2 protein chains.
Amino acid sequence: MHKKLQELKTRLLEVNNLKSASAVLAWDQATYMPPGGTPARARQLATLERLAHEKFIDPALGRLLDELLPYGESLPYDSDEASLIRITRRDYERATRIPPSFRAEFTSHMAESYQAWTQARPANDFAAVRPYLEKGLELCRQFAEFYPGYEHIADPWIHEWDYGLKASTVRSLFADLREQLVPLVQTIADRPLADDSCLHQHFPEALQWDFGLDVARRFGYDMQRGRQDKVPHPFTTNFSIGDVRITTEVKEDDVSWALFGTLHEAGHGLYEQGIHPALEGTPLAVGTSAGMHESQSRLWENVVGRNQRFWQFFYPRLQAVFPAQLGAVSLDTFYRAINRVERTLIRGSADEVTYNLHIMLRFDLELALLEGSLAVKDLPEAWRTRFQADFGLIPTDDRDGVMQDSHWYADGIGGQFQGYTLGNILSAQFYEAALQAHPEILDEMAQGEFGTLHGWLRERIYQHGRKFTANELVERVIGGPMRIEPYLHYLRNKYGELYRIQ
Amino acid sequence: MHKKLQELKTRLLEVNNLKSASAVLAWDQATYMPPGGTPARARQLATLERLAHEKFIDPALGRLLDELLPYGESLPYDSDEASLIRITRRDYERATRIPPSFRAEFTSHMAESYQAWTQARPANDFAAVRPYLEKGLELCRQFAEFYPGYEHIADPWIHEWDYGLKASTVRSLFADLREQLVPLVQTIADRPLADDSCLHQHFPEALQWDFGLDVARRFGYDMQRGRQDKVPHPFTTNFSIGDVRITTEVKEDDVSWALFGTLHEAGHGLYEQGIHPALEGTPLAVGTSAGMHESQSRLWENVVGRNQRFWQFFYPRLQAVFPAQLGAVSLDTFYRAINRVERTLIRGSADEVTYNLHIMLRFDLELALLEGSLAVKDLPEAWRTRFQADFGLIPTDDRDGVMQDSHWYADGIGGQFQGYTLGNILSAQFYEAALQAHPEILDEMAQGEFGTLHGWLRERIYQHGRKFTANELVERVIGGPMRIEPYLHYLRNKYGELYRIQ
C-alpha cells in the first residue's frame, strides 16, 4: 500500500505542478502581462488546464484510488492519508465527467473573456463583452449537463465552489437572512447618514500601500511566502504553501478602498499560508470552499478590520501617515465613517449590513441565467430593475452595474457569489467561538496584536486545508452547524450601538 | 500533406505552450517570486520542461516529420513550411537523445542553483554555491555524453547555443582576435585614462528608468508587446511574439549601468519582437543563435548606444533629466566617459575593447571544467590567476570573480559565453552593411530616429526567427561569412580617434 500511496502522490504532484503553473500564468495576466500577450496566454492556459485535467482523470489514477480505498477507510478519518484518498476520490469522480477538450475550451474562453472585461469595463461597453458572456453562459450550462440528475441547473456549479450545498438550501438560507436584514437596513436608513467625507480626500498611493501591508503583516501574513501586486480586480492566489500572493487596487481619493481590500485578501492569504506543510503538493493544499474562504477574508476585513478596538491601536498610526488629511478627524468620526451603512452601487465597498443584498441579487441573476429564464442581452436591464427594487437606486451605467465584478467574465456563471454571504455568516460564528475560548483576543486587538486569534484559526481551520468539507469543519470548530443567528446578533449589536437603535 | 502539416503544427503548438509557460515561471522566479516559492518552483519548472520534452520527442512526431520530409524538400528552401520541417527535424534528432527524466532533473537543479546564486553572490559565499556548481557540471558533462562522437566535450553545448560551431573553430577565431586585441588594449592602457567621474554621482532610480525606456521605445521596442522589470541579473525572455519582456538592474551611483543594460536587452527584445507573426507558436519563433542574438544586443547597446551621433541627440535630454549632475559636463567629456577603456573586474560594464577578454577567460574556463582539467573547487583560484594574467588585476572577492555572472548557475556550464564575442564581431559586420545600404542612418541617429536601421535589421534578420542558421543568415545578409576585420576596423577607428592613436 505504501508504494501505491507513493504513486498516487507522485501523480497528484504532477497535476499540482501543472495547476500551479496555470495559476502563475493567470496571476501574470492580471498583474503585469502587456496587451500583446493576450492571444498566446489563452492558449497557454488552455494547454496547462487540459493537461492537468488529462493527467488527473487518467484511468490508472482511478484504479489506484479504488485499490487504496479500503486502506484509506482503515485509517483514522481525519488522518492526512485517509483524507487524501477520500477527497481525491471525490474529486476524481467529479472530474471524470468533464472531457479534457471542454476543460481547454472553457479555460481559453475565460482567459479571453477576462481580458475583454478589463477593457470593456472602463469603457462602459457592455456590447463588447456580451458575446463573451453569452458563450461563457453556454459553456457553463454545458458544464452542468455533465452532472445529470441535478435538482437545479446551478447545483453542479454551487457544488464546485461550496461542496455539499444546493441552490435550494442556499435560497432558503438567504430567504431567512433577508427577512431579518431588510428591516435592519430600513431602520438604519431612517437615521441620519454618518459623515464619511474624511475618507474621501487625496491619499497618496505609496503611503496607502505601505500602511495596508503593515496591517496585513501584523495579522500574520508572511511576506517571505507572499507578496502584494496591483490589479484592477483584487484576488488571492497560491502557487504553493510557500508562495501565496495577494493583490490590491488603490484609489487615491478613497483611503478605505485599498485598506479594506488588502485586509480582505490578507484573510484569504492567511488561510492558504496556514495550511499544514504536510499537505503541500496535494489536492488538499487549498481552502476547503468558497464560503470557508470568505469567512476568513470577511473576518479579517470586517469583524477585525472595522472593529473599534482595532482602530484604537491603528488610528493614531494612520493619522501619523496622513496628518494633513486625518490629523483633525477624531477616532469616533473615522470609526463611524468606515462603518457607514448606505445603499450604494458597489459591492466591494459596501458596508457589512447591505453587503448581502448585493450577493443575493447576483445569486438570483446567476440562477435565472442558468435556468434560461433570463437572456444575457436582457441582463443589464434585469440588473437595473432588481437593483432599484433592493436598493432604491438605479445604476447610472453598466460599468458599476452588470460589469462591476470580474467573476462572470473570468470564472463563469454559477456558484460564484453565495460564498461571500456564507462567509459573512461563518465569520461571526467563528469569531464568537474564538472569543469564547480566548477573551484576551479583544485586548490584544487593541494593542495591534493578533497572535492568539490567528493561532486559533490556524489550528482549528487553516492547517486542515481541504481535508474536511465546510460542513465537517464548521461542526468540528463550533460543535454545531452553520447558523445565521450569531451573525445577526453581531450586526444588531454593532450597528445598534452605532446607530443608537434600541 | 496539408493535414499532416496541420497535425505537426498542432503538436508543436502544445510544446510551445508548455515551454512558454515554463518561461513565464522562470521570469516570475527572477522578478517577483518570494523566497518561500523556491522549492515548489523548481518542481513546477521541471514538470513543464519534462512534459514539453516528452511531447516533442514523441515517436509519432518523428514519423510525421519523416513523412513530411520529401514534401518539405519540394518547397523553396526559405519558405516558412520548408524551414519548419527542416529545423524541427534537426531539433527532433537532437532532442531524442535526451531522456525526459534528465531534462526534468536538469531544469529542477538549475532553478535551485540559480536561487542559491542570488543569495550567495551578495554574501560573497562561494562555498554556498559550490555544491550546486559541482552537480551542475556533472549534469552538463552527462548532457554531452548523449552526443557521442564529439570532437570536444564542449561541442554539444556550443551546438546548443550556436548551432554549427565547435570548440576548435571558436578557439581559433578567438586566437586570431586576441592577437589583434591585446596590443590594442596595451596601446590604450599606455594613454591617460578618460575621466568618468561624471557617471558616478547620485542618479535617482525612477529617472534613470524612464530615460532608458524612452530610448528603448525610440529604437522601436514596443511596450504594447513588452515590458521592463527589475532583476539582479538582466535578461530578455519571450512568451510569444506579442509578449517579449526585458529586465534591468539600476545602480543609483552609476548612470551608465542601467542605461546600457536596458539598451542591450532592448536589442534582444527588438530581435524577438521583430519575428514574423506567421512563425508564432512554432520552434522558429525565437532568435537563431546566441551569437546572432548578441549581435543585436551589442549593436544597439554599443555601436548605436555609445556612438557620438547618438549622444548629439540624447545628451541634452539626459542633461535635462539630471541638470545638477550633468548640467556642467560637456558632451565630449560624457562621450569619453562612456567609452573609457580600462581593465576592470566586471564584464557587464566593460568597455568594447576589453570586453572580449572577459569572454575568452570564461570560455576557456568552461572548456577546462568540462574537460575535467579544472575542478570546481579550484575554479575561484583559476579565475583569479587567469584574471591577473589577462587584466593585470586580481578580483578582490568571488562576488566580482567567479560568481559575477548568473550563467553557470542558472543555465549550466558550456556554450554560455562565446555568443557575446561572436555577437560583437557580427554587430560591426551588420552595421557596416546597413550603412552601406542606407548612409542616412547616421543622420537619423543624430536626430534620435532609428526607423531605417531598425527596419533594415527586421527585414534582413529579425523576421526570419530560426528559419536559417546563423551561418546561413550571415551569408544572406552580408553576402559572405563572419569575419573579424570589420569589427577590428570599427574598434581601431573609434578608439584610435578617442585615444589619438595613429
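Residues numbered from 1 in each chain as written. Chains lettered and ligands numbered in written order. Predicted model: local features only at pLDDT ≥ 70, side-chain atom pairs only at ≥ 80, totals over all residues.

J.: Would you mind showing me how to read the overall build of chain A here?
T.: Each helix and strand in chain A was counted, giving 22 helices and three strands. Its C-alpha atoms give chain A a radius of gyration of 22 Å, within 12% of the compact-globule value 23 Å for 502 residues. Taken along its principal axes, the extent of the C-alpha atoms in chain A is 65 × 50 × 45 Å. Taking all 502 residues of chain A together, the buried fraction comes to 47%. Restricting the contact set of chain A to residue pairs at least 6 apart, pairs at least 24 apart contribute 72%. (Helix = DSSP H or I, 4+ residues; strand = E, 2+ residues; numbered from the N terminus. Rg over C-alpha atoms; globule rule 2.2 N^0.38 Å. Buried ≥ 20, exposed ≤ 12 C-beta atoms within 10 Å, placed from the backbone. Contact = placed C-beta atoms within 7 Å.)

J.: Explanation requested: the interface of chain A and chain B in the structure shown.
T.: By a widely used convention, the size of an interface equals the accessible area lost when the partners come together. On the chain B side, the residues contacting the 30 residues of chain A number 30 residues. At the level of elements, α1 (2-31), α2 (38-56) and β2 (236-240) of chain A are the ones that each hand at least two residues to the side of chain A that touches chain B. Counting residues per element, the side of chain A that touches chain B draws most heavily on α1 of chain A, which supplies eight residues. A breakdown of the residues in the side of chain A that touches chain B according to their chemical character gives 14 nonpolar, 10 polar and six charged. (Nonpolar A, V, L, I, M, F, W, Y, C, P; charged D, E, K, R; others polar.)

J.: Hey, could you run me through the pairing of β2 of chain A in this one?
T.: Regular strands place side chains that alternate from one sheet face to the opposite one. All names here are of chain A. Across the five residues of β2, five count as buried, placing the element largely inside the fold. In the sheet, β2 pairs with strand β3 (residues 243-248) via four bridges, with the strands oriented antiparallel. Paired with S240 across the bridge in β3 is D243. Linking two consecutive strands that pair antiparallel, namely β2 and β3, is a turn of two residues. (Pairing = 2+ DSSP bridges.)

J.: Can you walk me through the domain arrangement of chain A in this structure?
T.: All names here are of chain A. By domain assignment, chain A separates into domain 1 (2-120) and domain 2 (167-498). Placing a centre on the C-alpha atoms of domain 1 and another on those of domain 2 gives a separation of 27 Å. With 23 residues of domain 1 at the contact, the number on the domain 2 side is 22 residues. When contributions to the side of domain 1 that touches domain 2 are tallied by element, the ones reaching two or more residues are α1, α4 (80-95) and α5 (100-120). Considering every element that reaches the side of domain 1 that touches domain 2, the biggest residue donor is α1, with 10 residues. A per-class count over the side of domain 1 that touches domain 2 returns 12 nonpolar, seven polar and four charged. (Domains from an automatic or database assignment.)

J.: What is the right way to read the packing of helix α12 (residues 308-321) of chain B against helix α14 (residues 331-338) of chain B from this model?
T.: For any two helices packed against each other, one specifies the inter-axial angle together with the distance between the axes. All names here are of chain B. The contact between α12 and α14 brings their axes to 11 Å, and the two run at 125 degrees. Taken as axis vectors, α12 and α14 run oblique relative to one another. When you trace α12 past α14, the crossing you get is right-handed. For the pair α12 and α14, the contacting residues are Q308, W311 and Y315 in the first and L331, F334 and Y335 in the second. (Axes fitted to C-alpha atoms, helices over the stretch in contact; angles between N-to-C directions. Parallel < 35°, antiparallel > 145°, perpendicular 65-115°, else oblique. Left-handed = near helix turned anticlockwise from the far one by under 90°.)

J.: Help me understand the packing of α1 of chain A against helix α2 (residues 38-56) of chain B, please; the structure alone is not making it clear to me.
T.: Where α1 of chain A contacts α2 of chain B, the two axes come as close as 9 Å, and the packing angle between them is 95 degrees. It follows that α1 of chain A is roughly perpendicular to α2 of chain B by the angle criterion. Facing E14, N17, L18, S20 and A21 of chain A of α1 of chain A, the residues of α2 of chain B in contact are A40, R43, Q44, T47 and L48 of chain B. In the contact of α1 of chain A with α2 of chain B, the residues fall into four nonpolar, four polar and two charged.

J.: So what exactly am I meant to see when it comes to the environment of I158 of chain B here?
T.: Residues and elements named next belong to chain B. In this fold, I158 is placed in helix α7 (residues 155-161). Given 27 C-beta atoms within a 10 Å radius, I158 is considered buried. Discounting chain neighbours no more than four positions away, the residues touching I158 are L165, K166, A167, V170, G415 and Q418.

J.: Is there a simple way to explain the relation of the copies chain A and chain B in this structure?
T.: Between the two copies of the chain lies a relationship made up of a rotation around an axis and a movement along it. Its rotation angle being 180 degrees, the transformation that places chain A on chain B also includes 0.0 Å of axial translation and leaves an RMSD of 0.0 Å. What the rotation and shift describe, once combined, is the action of a two-fold rotation axis. Closest to the rotation axis within chain A is the C-alpha of A21 of chain A, separated from it by 3.5 Å. Take the interface residues of chain A: 100% of them recur as interface residues in chain B, which is what a same-surface contact looks like. (Least-squares fit on C-alpha atoms with pLDDT ≥ 70 in both.)

J.: Even after reading the chapter, I still don't get the environment of A266 of chain A, so can you show me in this structure?
T.: All names here are of chain A. Structurally, A266 can be placed in helix α10 (residues 255-273). The sequence separation of A266 and Q296 amounts to 30 residues, and the corresponding C-alpha distance is 8.9 Å. Leave out the neighbours within four places in its chain, and A266 touches A216, F219, Y221, I246 and W300.

J.: How should the confidence of the model for chain A be read in this particular structure?
T.: Confidence in the prediction of chain A, expressed as mean pLDDT, is 96, and 100% of residues score 70 or more. Interface confidence for the predicted complex, given as ipTM, is 0.93, next to a pTM of 0.94. (pLDDT = per-residue confidence, 0-100.)

J.: Which parts of the structure should I look at to understand the sheet that holds strand β1 (residues 228-230) of chain A?
T.: Paired through their backbone hydrogen bonds, the strands of a sheet run either parallel or antiparallel. Residue and element names in this part refer to chain A. Strand order in the open sheet made by the three strands is β1-β3-β2, with mixed pairing throughout. The open sheet has two edge strands, β1 and β2, and neither has a second partner. With direction set aside, neighbouring strand axes in the sheet form an average angle of 30 degrees. Set on the sheet, α1 makes contact with β1, β2 and β3; between it and β2 the angle comes to about 140 degrees.

J.: Sorry, what's going on with the sheet that holds strand β2 (residues 236-240) of chain B here?
T.: Residues and elements named next belong to chain B. Taken in spatial order, the three strands of this open sheet run β1-β3-β2, and their pairing is mixed. The open sheet has two edge strands with one neighbour each: β1 (228-230) and β2. Strand-to-strand twist in this sheet, taken as the mean axis angle between neighbours without regard to direction, amounts to 30 degrees.

J.: What is the right way to read unusual backbone geometry from this model?
T.: As a rule of thumb, non-glycine residues mostly have phi less than zero, and peptide bonds are mostly trans rather than cis. All names here are of chain A. At N124, a position not held by glycine, the phi torsion is positive, near 55 degrees. Within the fold, N124 resides in the loop between α5 and α6 (126-145). Phi at R500 takes a positive value of approximately 50 degrees, unusual for a residue other than glycine. Relative to the helices and strands, R500 resides in the segment after α22 (485-498). Take R500: there are 8 C-beta atoms within 10 Å of it, and that puts it in the exposed class.

J.: Before we go on, may I ask you to explain α2 of chain A in this structure?
T.: An α-helix turns once per 3.6 residues; consequently, residues spaced three or four apart project the same way. Taking 1.5 Å of rise per residue, 19 residues should cover 27 Å, and α2 of chain A covers 27 Å from first to last C-alpha, within 8% of that figure. A large share of α2 of chain A lies buried, amounting to 17 of its 19 residues. (Expected span 1.5 Å × (residues − 1).)

J.: When you look at the environment of F203 of chain B in this model, what are you seeing that I'm missing?
T.: All names here are of chain B. Take F203: it is sitting in the loop between α8 (167-189) and α9 (205-219). Sequence spacing of F203 and E151 is 52 residues, and the spatial spacing of their C-alpha atoms is 50 Å. If sequence neighbours within four positions are ignored, F203 has contacts with Q208, E252, V255, F322 and Q325.

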